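Inside the fold
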There are 2 protein chains.
Amino acid sequence: MSKKIIIVGGVAGGATAAARLRRIDETSHITVFEKGEHISFANCGLPYYIGGTIEDRDKLLVQTVEGMSKKFNLDIRNLTEVTAINRADQTVTVKKAETGEEYTESYDELVLSPGARPIVPPIDGLNEAQNIFTLRNIPDTDKIKGWVDEEHPKKAVVIGGGFIGLEMAENLHERGIDVTIVEMADQVMAPLDYEMASIVHEHVSSKATLILEDGVKAFRENGKKVVLASGKELESDLTILSIGVRPENELAVNAGLPVGQRGGIIVDDTLRTEDPHIYAIGDAIEVKDFNQRNPTMVPLAWPANRQGRIVADNIYGKNVKYKGTLGTAIAKVFDLTVAATGNNEKTLRDLNVPYEAVHVHPASHAGYYPGGFPVSLKLTFNPEDGRIYGVQGVGINGVDKRIDVIATAIKGGLTVYDLPELELAYAPPYSSAKDPVNMLGYVASNIADGALEIVHHHEIDRIVADGGTLVDVRNPEEVAMGAIPGSINIPLDTLRDRLSELPSDRKIYITCQVGLRGYLATRILEQNGFQPVNLSGGYKTYSCVNA
Amino acid sequence: MSKKIIIVGGVAGGATAAARLRRIDETSHITVFEKGEHISFANCGLPYYIGGTIEDRDKLLVQTVEGMSKKFNLDIRNLTEVTAINRADQTVTVKKAETGEEYTESYDELVLSPGARPIVPPIDGLNEAQNIFTLRNIPDTDKIKGWVDEEHPKKAVVIGGGFIGLEMAENLHERGIDVTIVEMADQVMAPLDYEMASIVHEHVSSKATLILEDGVKAFRENGKKVVLASGKELESDLTILSIGVRPENELAVNAGLPVGQRGGIIVDDTLRTEDPHIYAIGDAIEVKDFNQRNPTMVPLAWPANRQGRIVADNIYGKNVKYKGTLGTAIAKVFDLTVAATGNNEKTLRDLNVPYEAVHVHPASHAGYYPGGFPVSLKLTFNPEDGRIYGVQGVGINGVDKRIDVIATAIKGGLTVYDLPELELAYAPPYSSAKDPVNMLGYVASNIADGALEIVHHHEIDRIVADGGTLVDVRNPEEVAMGAIPGSINIPLDTLRDRLSELPSDRKIYITCQVGLRGYLATRILEQNGFQPVNLSGGYKTYSCVNA
Ligand SMILES: Cc1cc2nc3c(=O)[nH]c(=O)nc-3n(C[C@H](O)[C@H](O)[C@H](O)COP(=O)(O)OP(=O)(O)OC[C@H]3O[C@@H](n4cnc5c(N)ncnc54)[C@H](O)[C@@H]3O)c2cc1C
Ligand SMILES: Cc1cc2nc3c(=O)[nH]c(=O)nc-3n(C[C@H](O)[C@H](O)[C@H](O)COP(=O)(O)OP(=O)(O)OC[C@H]3O[C@@H](n4cnc5c(N)ncnc54)[C@H](O)[C@@H]3O)c2cc1C
Ligand SMILES: CC(C)(COP(=O)(O)OP(=O)(O)OC[C@H]1O[C@@H](n2cnc3c(N)ncnc32)[C@H](O)[C@@H]1OP(=O)(O)O)[C@@H](O)C(=O)NCCC(=O)NCCS
Ligand SMILES: CC(C)(COP(=O)(O)OP(=O)(O)OC[C@H]1O[C@@H](n2cnc3c(N)ncnc32)[C@H](O)[C@@H]1OP(=O)(O)O)[C@@H](O)C(=O)NCCC(=O)NCCS
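About the criteria used
Residues numbered from 1 in each chain as written. Chains lettered and ligands numbered in written order. Predicted model: local features only at pLDDT ≥ 70, side-chain atom pairs only at ≥ 80, totals over all residues. Heavy atoms only, no water. Near = heavy atom within 4 Å. Polar contact = N/O pair within 3.5 Å; in protein donor to acceptor, adjacent residues only side chain to side chain. Areas by Shrake-Rupley, 256 points an atom, 1.4 Å probe, with all protein chains shown as cover. Helix = DSSP H or I, 4+ residues; strand = E, 2+ residues; numbered from the N terminus. Nonpolar A, V, L, I, M, F, W, Y, C, P; charged D, E, K, R; others polar. Buried < 20%, exposed > 50% of the residue type's maximum accessible area, 1.4 Å probe, protein only. Pairing = 2+ DSSP bridges. Axes fitted to C-alpha atoms, helices over the stretch in contact; angles between N-to-C directions. Contact = heavy atoms within 4.5 Å. Salt bridge = Lys/Arg side-chain N within 4 Å of Asp/Glu carboxyl O. Buried area = accessible area lost by both parts, 1.4 Å probe. Least-squares fit on C-alpha atoms with pLDDT ≥ 70 in both.

Attention shifts here to the site of ligand 1. Residue and element names in this part refer to chain A. Among the 31 residues in the neighbourhood of ligand 1, the closest are listed as Gly-13, Glu-34, Ser-113, Asp-283 and Ala-301. Here Ser-113 contributes a side-chain N or O atom positioned 2.8 Å from an oxygen atom of ligand 1. In isolation ligand 1 offers 990 Å² of accessible surface; the protein chains occlude 94% of this area. For the shell around ligand 1, the elements supplying multiple residues, two or more each, are α1 (12-24), β2 (29-34), β4 (80-86), α5 (163-174) and α8 (301-315). At three residues, the largest contribution of residues to the shell around ligand 1 is made by β4. The residue inventory of the shell around ligand 1, partitioned by class, reads 19 nonpolar, seven polar and five charged.

The following block contains the structure:
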């Protein structure tokens with residue numbers, strides 16, 4: 001059964017594949033080529049080492065070349081780049097970084113896990129600048145940290161509001177640097193929909209300067225000046241370019257292996273490319289969306305690790321399928337946790353999938369126990385059969401738990417009707433007797449059942465402008481703190497006595513703080529012959545966007 | 001569709017049922033009888049108000065009689081006890097606490113949610129004591145807090161090591177009181193198995209005095225002296241009796257409704273008793289174990305709330321089934337979180353269900369990011385088909401999340417083979433690229449597949465005593481900190497070179513720190529013709545028990 005296996009790339013996917021290959025078979029010859037100095041390092045920890053949260057650089061090195069070679073009996077060749085795949089004779093050409101020496105090595109099976117690299121567009125003035133960095137590996141990290149330690153930058157510009165950009169913004173802010181984030185889209189954190197991202201915008205703006213819907217046109221004065229498309233100019237002592245990554249697909253492309261529209265290497269569900277002896281995994285590949293089965297790219301560590309294990313199994317004939325990627329993602333963004341799994345509304349709209357969405361803002365744990373904060377959750381689902389498509393969460397604490405529970409529910413094929421059935425752990429420091437996930441389930445299943453009709457934050461202003469009746473059922477003290485323009489206030493407790501004030505011949509729109517009392521109002525109204533429609537997420541969701 | 005509905009008990013189950021009944025139908029007449037002063041209070045918060053974590057007593061009152069009556073148009077009669085159910089004429093007899101006045105009230109449908117009360121055995125000297133309390137409701141809380149505030153007790157004895165006992169121990173300790181916990185069993189927290197409870201024992205012992213396998217024989221000197229079965233005597237200025245609860249079943253029993261072996265009112269899966277117009281929910285009823293379908297009792301808030309909603313639906317003909325209780329439970333025990341869901345090993349053994357169990361101790365989040373601690377998890381499952389039976393978790397943080405994920409997996413019918421597939425949210429502050437739940441799945445599925453044979457902490461000493469070979473594959477520095485007696489040390493990195501030292505004609509037992517390196521060793525050994533068996537959870541699980 002002994003095979004000669006070559007792995008390209010020695011970090012998340014590659015190292016995991018190597019370890020699992022060895023566990024399956026002691027006799028194979030397993031060679032790992034890594035063009036960098038380090039294998040198996042903690043990519044995800046890099047921003048925190050720059051920020052000082054991780055103090056010890058050695059902690060970033062999960063495995064060393066020597067340690068891992070010994071433990072798993074591997075032939076690890078770092079500082080050695082694979083420069084070509086010669087499919088006809090099943091060899092790779094490699095080049096040693098230090099000497100430039102080239103040679104070929106043969107394989108029975110080849111695994112590509114070369115990752116993805118930061119996108120660097122040809123911006124005017126980029127090449128002359130000294131203070132512009134991207135972040136992918138340990139040398140990049142050393143450079144950025146060295147610059148911060150030695151040059152003591154006062155102002156930094158982070159270009160791109162994805163998770164790496166925001167993590168860098170947080171960590172530079174930790175170092176006492178004044179940070180400006182520039183993002184081309186109208187929102188940060190693409191896995192979120194706009195109103196959820198708006199919560200993040202508000203928080204980020206209290207820690208850094210956030211510029212949305214603007215891009216970089218040029219760098220001037222060796223990078224000290226960043227000129228934006230709008231004409232705005234920013235001073236910068238340090239600029240991080242983090243506008244996304246693109247798959248390292250050159251080896252595959254040059255070997256004639258097909259790649260997808262966005263450049264991801266195409267593999268089947270056993271992670272095999274078109275060539276029966278070449279597999280590819282990790283950031284470099286195109287995957288199927290778990291729910292919708294459309295091709296997508298999810299350059300994250302869980303998929304890379306999972307695929308590393310599966311590819312090893314398949315090389316040894318176990319025939320394990322990779323079932324697709326949900327895209328579960330999370331980031332600490334200053335004091336917030338921001339997370340998502342599955343499909344957001346933007347994606348569902350683009351794919352033309354029928355969906356509904358609900359918003360809730362319950363407390364992370366029992367309201368009477370200190371330390372709880374609202375968890376804003378948005379669930380997307382199929383209103384016909386209740387199938388869950390995805391969830392987004394933003395809050396101070398307890399967000400990761402709810403996202404993980406729903407990621408599990410999706411993988412288990414549960415519907416919104418099953419969410420109220422989830423018997424989750426409750427004591428006051430952890431949750432409520434009805435967990436926020438149960439609550440999402442109750443609300444969504446009421447909608448799927450037709451027991452509740454809802455309207456969304458982005459629709460309500462137009463409805464009111466068109467003469468619709470919007471009733472705010474909060475107490476006057478709450479309304480005084482801010483309300484939707486044009487709403488009339490009838491507190492819930494008085495609603496039954498004031499029904500005569502309302503029209504019964506057309507829809508009545510209801511709002512409250514988070515949606516719960518609005519729902520109670522809809523129950524009263526509906527049974528009294530009215531046609532109530534509740535605002536999803538209440539004033540809280542509305543005001544995220546209309547702050 | 002209008003009905004006259006009576007609910008007995010106005011807290012978790014009762015109040016939830018009332019609210020949902022009203023949401024379904026505006027026209028019903030809904031009467032809630034509550035013998036105490038308060039409805040809808042936060043039972044679960046009571047210990048924290050005594051300890052001072054919750055400062056404001058009003059926060060314990062989730063809804064007031066007035067507020068809830070108005071919001072839901074309810075006829076709430078507090079300080080009114082239901083003393084009899086007259087099934088023949090569909091009435092209840094009630095008695096007003098303040099005046100002693102009695103009257104009857106008729107019902108179309110009756111819902112019993114009377115809860116459970118603390119068990120108070122007839123211990124010698126109990127009646128003469130002034131300083132012995134049980135905790136169930138607000139008046140109990142006021143009494144205990146008053147005693148602490150005014151009598152300034154120095155020493156307290158908590159009898160019973162269940163979650164209420166441990167929460168009280170923590171909260172009295174918070175108040176500067178020297179606490180002794182007395183527990184009759186050999187462990188605290190019955191939902192855990194012994195070795196998992198042992199982790200709790202060690203922690204609790206650093207904060208309080210823990211006496212196991214001993215019970216109270218008598219109280220002397222008006223409760224100032226607590227005499228144990230062992231003869232030991234404890235001083236006490238304040239004693240909490242928290243040895244468990246028993247269902248409030250008298251009303252049901254006197255009305256001839258069947259109860260189970262432990263006194264829980266028997267209901268069908270629509271929560272209806274034998275009488276078609278009488279339903280029962282909450283702590284007072286017997287439920288089915290979700291996995292094994294045996295009768296059990298789970299006096300917790302989630303089931304009471306869930307059943308409150310379901311019973312209302314069923315009264316209105318929606319025919320919703322209660323699917324059984326997993327028994328998901330959690331408690332903060334000083335700095336630890338202790339949680340469980342599903343069936344533990346003790347239960348599975350008692351029920352004669354074939355099972356296997358695995359132990360892992362991964363970090364709560366990426367090891368290189370500060371603030372992580374080990375999460376000790378034990379998973380029970382069916383080794384034939386991989387069905388998940390339950391999980392227990394103990395740790396400083398991140399425990400609730402993993403328990404909730406597995407509770408979701410169980411409700412979704414997932415097997416151990418599905419756990420590695422769970423795409424959980426990973427960034428360094430939250431998890432690892434392979435979450436602890438994924439890890440449980442990998443380990444358990446290796447066992448279910450026959451790729452890994454394991455032995456348990458409680459078996460290994462005897463195996464060594466009988467001449468078995470036990471190899472510790474940790475490094476010598478680790479072994480020096482403590483090892484299993486009789487083990488020989490062959491560090492993993494040297495194993496391939498030292499195979500000749502090992503016997504190939506019989507099983508070789510392997511241990512390491514947590515089980516991972518031991519597993520790597522088994523892979524090497526098995527492929528070299530040996531018969532390796534790994535110690536589940538490694539030295540860490542072993543030393544929990546053999547400290
Ligand atoms: C700053 C940062 C923070 C991140 N944070 C998170 C996070 O919080 N959560 C999360 O899930 N993911 C995070 N990620 C993403 C995660 O690290 C990647 O998804 C994962 O590492 C992908 O694994 P991979 O094996 O595909 O690629 P990599 O881990 O990038 O490994 C690819 C390796 O292949 C080498 N290589 C490439 N081409 C060749 C060649 N021709 N010859 C030899 N070697 C080659 C490269 O040098 C590289 O070391 C983060 C990434 C970065 C950069
Ligand atoms: C100190 C403490 C801490 C707890 N912590 C947790 C926790 O962290 N997590 C968790 O899940 N659960 C916890 N619980 C348990 C949880 O509170 C119960 O499971 C839940 O309240 C049960 O709901 P129920 O409606 O069955 O009974 P209850 O909420 O107890 O309500 C029953 C009510 O019925 C009234 N009643 C009884 N008989 C009559 C009668 N004949 N006439 C009129 N009224 C009557 C009683 O006075 C009582 O108010 C805790 C309980 C206590 C006491
Ligand atoms: C370090 C690295 C090489 C580890 O790979 P790995 O060996 O596959 O993973 P782990 O060390 O987690 O071990 C998992 C294996 O141990 C087993 N295992 C884990 N805990 C165990 C226990 N307590 N008892 C028995 N077996 C256990 C699992 O079953 C699994 O084995 P299997 O795949 O044969 O079933 C790889 O993950 C890596 O390079 N990581 C750093 C890079 C990276 O991921 N970066 C992105 C995130 S920052
Ligand atoms: C307070 C109490 C009466 C509330 O009961 P409840 O009304 O059933 O529960 P909630 O207030 O959580 O509201 C849930 C309802 O609001 C709906 N809802 C919640 N959030 C919503 C939102 N944002 N938008 C629309 N609807 C929402 C749910 O769908 C559900 O309605 P449904 O059952 O008709 O589907 C009851 O839980 C109670 O007495 N609790 C205290 C006692 C207790 O539980 N003790 C033990 C734990 S300490």
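There is more to say, and it comes next.
Attention now goes to unusual backbone geometry. For residues other than glycine, phi is negative in most cases, and the peptide bonds are mostly trans. Non-glycine residue His152(A) carries a positive phi angle of around 45 degrees. By secondary structure assignment, the location of His152(A) is in the loop between α4 (138-151) and β10 (155-159). Its identity as a non-glycine residue notwithstanding, Glu221(B) has a phi of 50 degrees, on the positive side. Mapping Glu221(B) onto the fold places it in the loop between β13 (216-220) and β14 (225-228). Owing to a relative accessible area of 51%, Glu221(B) belongs among the exposed residues under this scheme.

So, on to the sheet that holds strand β1 (residues 4-8) of chain B. Residue and element names in this part refer to chain B. With parallel pairing, the five strands of this open sheet are ordered in space as β3-β2-β1-β7-β18. Here the strands that pair on one side only, and so sit at the sheet edges, are β3 (75-78) and β18 (278-280). Sheet twist, expressed as the average angle between the axes of neighbouring strands with direction ignored, equals 15 degrees. Taken together, the five bridges between β1 and strand β2 (residues 29-34) define a ladder with parallel strand orientation. Looking at β2, one finds that Ile-6 is bridged to Thr-31. Strands in contact with helix α1 (residues 12-24) are β1 and β2; relative to β1, the strand with the most contacts, it is inclined by about 160 degrees.

Attention now moves to the pattern of salt bridges. Using the criterion set out here, one finds 82 salt bridges over all chains in the structure. Here Arg77(A) ties to Asp75(A) by a salt bridge, and the two come within 2.7 Å at their closest N and O atoms. Given the relative accessible area of 19%, Arg77(A) is considered buried. Between Asp313(B) and Arg309(B) there is a salt bridge, with the nearest N and O atoms lying 3.3 Å from each other. Taken as a pair, Asp313(B) and Arg309(B) lie in helix α8 (residues 301-315) at a separation of four residues, close to a single helical turn. In this structure, Asp313(B) and Arg309(B) share a single accessibility class: buried. When salt bridges with common partners are traced through the structure, they connect Lys35(A), Arg117(A), Arg136(A), Arg246(A), Glu248(A) and Glu250(A) into a single cluster.

On the side of chain A, 75 residues touch chain B, which itself brings 74 residues to the contact. Together, the buried faces of chain B and chain A total about 7100 Å²; carbon and sulfur atoms form 57% of this surface. Of all residues in chain B, Trp302(B), Tyr368(B) and Glu423(B) bury the most surface against chain A, accounting for 12% of the area lost on that side. Taken together, chain B and chain A are joined by 12 salt bridges. The closest approach of N and O atoms between Asp400(B) and Lys401(A), which form a salt bridge, is 2.8 Å. Between chain B and chain A we count 38 residue pairs in polar contact (both at pLDDT 80 or more) in total. Per-element tally for the side of chain B that touches chain A: the top contributor is helix α10 (residues 399-411) of chain B, with eight residues. For the side of chain B that touches chain A, the per-class residue count stands at 34 nonpolar, 16 polar and 24 charged.

Inspection of the region around ligand 2 gives 32 residues, with Gly13(B), Glu34(B), Ser113(B), Asp283(B) and Ala301(B) positioned closest. Surrounding ligand 2 is a set of residues that belongs to chains A and B. The contact in question runs from an oxygen atom of ligand 2 to an N or O atom on the side chain of Asp283(B), over 2.7 Å. Here Ala301(B) contributes a backbone N or O atom positioned 2.9 Å from an oxygen atom of ligand 2. A total of 990 Å² of accessible area belongs to ligand 2 in isolation, and the protein chains cover 95% of it. Put simply, the parts of the chain that give the shell around ligand 2 at least two residues each are α1, β2, β4 (80-86), α5 (163-174) and α8 of chain B. Residue composition of the shell around ligand 2, by class: 19 nonpolar, eight polar and five charged.

We now examine the pairing of strand β13 (residues 216-220) of chain A. Residue and element names in this part refer to chain A. The pairing of β13 with strand β14 (residues 225-228) spans four bridges and is classified as antiparallel. Its bridge partner being in β14, Ala-218 is matched across the sheet by Val-227. Connecting the antiparallel pair β13 and β14 is a turn made up of four residues, with Glu-221 showing a positive phi of about 50 degrees.

Residue and element names in this part refer to chain B. Tracing the backbone shows Arg-220 in strand β13. C-alpha separation for the pair Arg-220 and Glu-233, spaced 13 residues apart in sequence, amounts to 9.6 Å. Other than its neighbours up to four places away in sequence, Arg-220 contacts Asp-124, Lys-225 and Val-227.

The next thing to look at is the environment of Phe133(A). Residue and element names in this part refer to chain A. With respect to the helices and strands, Phe-133 occurs in strand β9 (residues 132-133). With a relative accessible area of 9%, Phe-133 lands in the buried category. Taking the C-alpha atoms as reference points, Phe-133 and Leu-238, separated by 105 residues in sequence, lie 7.9 Å from one another.

Expressed as a screw transformation, the operator carrying chain B onto chain A has a rotation angle of 180 degrees and an axial translation of 0.0 Å, and the superposed copies differ by an RMSD of 0.0 Å. What the superposition gives is, in effect, a two-fold axis relating one chain to the other. A shared interface surface links the copies, since 100% of the contact residues of chain B are contact residues in chain A too.

Now for the sheet that holds strand β27 (residues 469-472) of chain A. Residues and elements named next belong to chain A. On the basis of which strands lie adjacent, the open sheet formed by five strands has the order β26-β30-β29-β27-β28 and parallel pairing. Strands with a single pairing partner mark the edges of an open sheet, and in this sheet they are β26 (454-455) and β28 (488-489). Relative to strand β30 (residues 531-535), β26 runs parallel, the two being bridged by two bridges. From the neighbouring strand, Val-455 faces β30, where its bridge partner is Leu-535.

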